[in-house]
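Survey of secondary and tertiary structure
Chain residues, written in single-letter form:
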Amino acid sequence: PASLVFPDTAVGQSATEQVVITNVAESGALTIESMGISGPDATMFADQFDDESSVVLQPTESTTVTVVFSPSAAGPRTATLQANHSGSGPLSIPLSGTATTRQDVVLRNGGASGSLTIQSAEISGPDATMFSGDLTGGSPVTLGPGNSTTVTVAFSPTASGSRSARMVVTHT
């Protein structure tokens, strides 16, 4: 592929994608000797190619390499997968993914009597597009006295630096 884009992945979790390498030559073997990852966020990506043994591909044969994205900090992440091979020209594939963080916000009816109906929980503010929040089970949610529900808020920054937004909960 021209590039490999991973789905949004929570910090501390992993996502995998696969790269298929095919020998497109009409004659002659292609030997994949090793794989490496370089770039600013190389430590957050890994390939599962066995660098101890080469893979020899005859014309039209393919091999699949699994690449893992395991972010350790939130934000957009990039690196490059490089295959060392016997063919001509470099084989480099840009890697990218966005690392997210998640936080559960518990909404509780602290009243001694009467139900509380939560109509919505919406994110607003200057950086609202970098946050998302979902009520567990959808909305509206009716809570009896002492009951609670959870809103999972995800942060998917598109740039570095401090970001802010607020959650507005509408209830009756």
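Below, the structure is looked at part by part. Only a predicted model underlies this, so the values are computations on that prediction, with no experimental measurement involved.

The rules behind the values
Residues numbered from 1 in each chain as written. Predicted model: local features only at pLDDT ≥ 70, side-chain atom pairs only at ≥ 80, totals over all residues. Heavy atoms only, no water. 1 Å grid on protein atoms, 1.4 Å probe; cavity = no way out; pocket = protein on both sides within 12 Å on 5 of 7 lines; lining within 4 Å. Points joined across faces, edges and corners; volume = space filled by probe spheres on them. Helix = DSSP H or I, 4+ residues; strand = E, 2+ residues; numbered from the N terminus. Nonpolar A, V, L, I, M, F, W, Y, C, P; charged D, E, K, R; others polar. Buried < 20%, exposed > 50% of the residue type's maximum accessible area, 1.4 Å probe, protein only. Pairing = 2+ DSSP bridges.

Quick look at the layout of surface pockets
As a volume, the largest pocket reaches approximately 240 Å³. Along the wall of the largest pocket there are 19 residues; nearest its centre are Ile21, Thr22, Asn23, Val24 and Leu30. Elements with a minimum of two residues in the lining of the largest pocket: β3 (15-22) and β9 (91-108). A breakdown of the residues in the lining of the largest pocket according to their chemical character gives 11 nonpolar, eight polar and no charged.

Let's talk about unusual backbone geometry
Not every positive phi belongs to a glycine, and Thr60 is a case in point at roughly 75°. Its relative accessible area of 66% is what places Thr60 among the exposed residues.

Describing the pairing of strand β8 (residues 75-85)
Inspection of the sheet shows strand β4 (residues 30-38) paired to β8 by six bridges, in the antiparallel sense. Across the sheet, the residue bridging to Ile32 is His85, located in β8. Note that β8 and β9 share nine bridges and pair antiparallel. When the sheet's bridge partners are listed, Leu81 is paired in β9 with Ile93. Between β8 and β9, which pair antiparallel and follow one another directly, the connecting turn spans five residues, one of which, Gly89, has a positive phi of 80°.

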